[in-house]
Amino acid sequence: MKYYQLNNGDRIPALGLGTWKSPTGEVYLAVQEALKIGYRHIDCAPIYRNEAEIGQAFTEAITSGAVKREDLWITSKLWSNAHQQERVIPAIKETLTDLRLDYLDLFLIHWPIVLRPEVLLPETGEDLRPLEEVPLEETWQGMQMALQEGLCRHIGVSNFNQKKLASLNQVSGPKPEVNQVESHPYLQQNDLLTYCRSEGILLTAYSPLGSKDRPEMLKKPDEPSLLDHPLVQKIAAQYHLTPAQLLIAWGINRGTVVIPKSVNSARLKENFAAAEIVLDTEAMEEIAALERGYRFVDGSFWERPGSPYTMANLWND
Ligand code: A2P
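Criteria and thresholds
- Residues numbered from 1 in each chain as written.
- Predicted model: local features only at pLDDT ≥ 70, side-chain atom pairs only at ≥ 80, totals over all residues.
- Heavy atoms only, no water.
- Helix = DSSP H or I, 4+ residues; strand = E, 2+ residues; numbered from the N terminus.
- Rg over C-alpha atoms; globule rule 2.2 N^0.38 Å.
- Buried < 20%, exposed > 50% of the residue type's maximum accessible area, 1.4 Å probe, protein only.
- Contact = heavy atoms within 4.5 Å.
- Areas by Shrake-Rupley, 256 points an atom, 1.4 Å probe, with all protein chains shown as cover.
- Pairing = 2+ DSSP bridges.
- Axes fitted to C-alpha atoms, helices over the stretch in contact; angles between N-to-C directions.
- Near = heavy atom within 4 Å.
- Polar contact = N/O pair within 3.5 Å; in protein donor to acceptor, adjacent residues only side chain to side chain.
- Nonpolar A, V, L, I, M, F, W, Y, C, P; charged D, E, K, R; others polar.
- Right-handed = clockwise from strand over helix to strand, strands pointing away.
- Parallel < 35°, antiparallel > 145°, perpendicular 65-115°, else oblique.
- Left-handed = near helix turned anticlockwise from the far one by under 90°.
- Disulfide = S-S within 2.5 Å.

Novice: Honestly, the overall build of the protein in this entry has me stumped. Any pointers?
Specialist: A count of helices and strands for the protein gives 11 helices and 12 strands. For the protein, the C-alpha radius of gyration of 19 Å lies close to 20 Å, the compact-globule estimate for 317 residues. The principal-axis extents of the C-alpha atoms in the protein amount to approximately 55 × 45 × 40 Å. Here the protein holds 317 residues, and the buried ones make up 57% of them. In the protein, 74% of the contacts between residues at least 6 apart in sequence involve partners at least 24 apart. Accessible surface for the protein amounts to roughly 13500 Å². Of this, 50% is attributable to carbon and sulfur atoms.

Novice: Sorry, what's going on with the sheet that holds strand β12 (residues 257–258) here?
Specialist: Sheet architecture is open: eight strands sit in the order β3-β4-β5-β6-β9-β10-β11-β12, paired in parallel fashion. Among the strands making up the open sheet, the edge pair consists of β3 (17–18) and β12. Two strands pair when backbone bridges link them, and strand β11 (residues 202–206) and β12 are joined in this way by two bridges, in the parallel orientation. Looking at the pairing, threonine 204 lines up with valine 257 of β12. Taken strand by strand, helix α3 (residues 85–99) contacts β5 (73–78) and β6 (106–109), and its axis lies near 135 degrees from that of β5.

Novice: Just checking my understanding: could you explain the environment of isoleucine 113 for this structure?
Specialist: Following the sequence through the fold, isoleucine 113 ends up in the loop between β6 and β7 (114–115). Taking the C-alpha atoms as reference, isoleucine 113 lies 9.4 Å from proline 308; in sequence the two are 195 residues apart. Apart from residues lying up to four places away in sequence, isoleucine 113 is in contact with Ser80, His83, Leu128, Leu131, Trp302, Tyr309 and Leu314.

Novice: Can you walk me through helix α8 (residues 243–253) in this structure?
Specialist: Within α8, nine of the 11 residues are buried, which leaves the element mostly enclosed by the surrounding structure. By the burial criterion, the buried members of α8 are Ala244, Gln245, Leu246, Leu247, Ile248, Ala249, Trp250, Gly251 and Ile252. Positioned one or two residues after α8, glycine 255 has a phi angle of 90 degrees, which is positive.

Novice: Explanation requested: the site of the ligand in the structure shown.
Specialist: Lining the immediate surroundings of the ligand are 17 residues, of which Ser211, Lys261, Ser262, Arg267 and Asn271 lie closest. Interatomic distance of 2.9 Å between a backbone N/O atom of leucine 209 and an oxygen atom of the ligand. Protein burial of the ligand: of its 570 Å² of free accessible surface, 88% is covered by the chains. No other element matches helix α9 (residues 265–274), which puts three residues into the shell around the ligand. For the shell around the ligand, the class distribution of residues is five nonpolar, six polar and six charged.

Novice: Looking at this structure, I do not really get the pairing of β6. What am I missing?
Specialist: In the case of a regular strand, side chains alternate between the two sheet surfaces. Along β6, one buried face is formed by Leu106 and Leu108 and the opposite face, lined by Phe107 and Ile109, is buried too. With four bridges joining them, β5 and β6 adopt parallel strand pairing. The partner of leucine 78 across the bridge, within β6, is isoleucine 109. Note on the crossover from β5 through α3 to β6: the handedness is right-handed.

Novice: What is the right way to look at the packing of helix α1 (residues 27–37) against α9 in this model?
Specialist: Helix packing for two helices is described by the angle between their axes and how far apart those axes are. The interhelical angle for the contact between α1 and α9, taken along N-to-C directions, is 40 degrees, at an axis separation of 10 Å. By the criterion of interaxial angle, the relationship of α1 to α9 is oblique. Read as a crossing pair, α1 and α9 show a hand that is right-handed. Contacts between α1 and α9 involve Ala30, Glu33, Ala34 and Ile37 from the first element and Ser265, Leu268, Lys269 and Phe272 from the second.

Novice: Quick question: what am I supposed to make of the state of the cysteines here?
Specialist: The bond known as a disulfide is covalent and runs between the sulfur atoms of two cysteines. Taken as a whole, this structure holds zero disulfides when the rule is applied. There is no disulfide at cysteine 152, and the cysteine sulfur nearest it, in cysteine 44, is 14 Å away. A disulfide-free cysteine, cysteine 196 has its sulfur positioned 19 Å from the sulfur of cysteine 152, the nearest such atom.

Novice: Please explain the side chain of serine 183 as it appears in this structure.
Specialist: Counting through the fold element by element, serine 183 comes out in the loop between β10 (178–182) and α6 (190–198). In this structure serine 183 comes out as buried when scored by relative accessible area, which is 4%. Setting aside residues up to four positions removed in sequence, serine 183 forms contacts with Gln188, Gln189, Leu203, Ala205, Tyr206, Ser207, Pro208 and Arg254.

Novice: Just checking my understanding: could you explain unusual backbone geometry for this structure?
Specialist: Glycine aside, negative phi is the norm for most residues, and most peptide bonds take the trans geometry. The backbone phi angle of arginine 100 is positive, close to 55 degrees, even though this residue is not glycine. Locating arginine 100 in the fold gives a position in the loop between α3 and β6. In this model, serine 207 sits at a positive phi of 50 degrees, which is unusual for a non-glycine residue. Structurally, serine 207 can be placed in the loop between β11 and α7 (230–238).

This is the structure we're talking about:
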């Protein structure tokens, strides 16, 4: 497995298991199986509403001696209803309780979006509050406190653009080490990747396979398929890979962390094997020509009458 080294020498596995959309009743077995296959990096979040079941798999794997806690890389995230500085530590403690861990390897601000404290998912525009009410800088100070208390080893963000990342430079103390964003050949995030590299921030690619199992309400009728693209299929066949393996290998070969989700034993194995594949420059460039600025997770669910958020201000401001 390829690892990327962070500033203090800690190493994060380039391939992680995504758990967004992994249903309870299935995710326990999926994580147990993933750990058996050799996955050591699991990406979680409280809003996926499956952390308690994932925690059961962790605790069993650790107490049985199958894996050591120090060999695991566990990421989780701060949900948007806990951005107030004083709510960050209680939120990470709740996640640690569910995951049955003493610390996270990485804790991320999930979205640059503020929800009312009592709201989990917005139903009306009123459920969403403007960033001015709880500035990202304030939330970042809460993240720094979680780091200081030893509740996590590294802190970062998710769904941040360059401007929002840069705004955190105003805050003294530790800077984000990771930015987790959607990335795949249709949305390569090249400018953001260049900026992150210049700032020593690692980019993690979510939805690397196009997240075709998203709920219908988050899908558009005319979505392009990544896995079915003829060029992806052609190059995959040349390398004797499946299209999913090619997409995972492409993300890792370009220096990003990649976190494909699966709850299927055969596909977990298939995806894990992809981390070892080296693609030549020609294949990398051919795939790069698929860029079309297409977001599967476009943020439109934050946009509603009365909401301070639009897709334009979310991704561009
Ligand atoms: P499943 O969990 O049944 O394996 P993403 O990581 O972009 O969110 O994509 C996740 C979707 O891709 C899920 O529907 C998942 O289904 C599917 N998937 C995961 N691995 C593969 C694979 N190797 N081949 C095809 N589909 C896959």
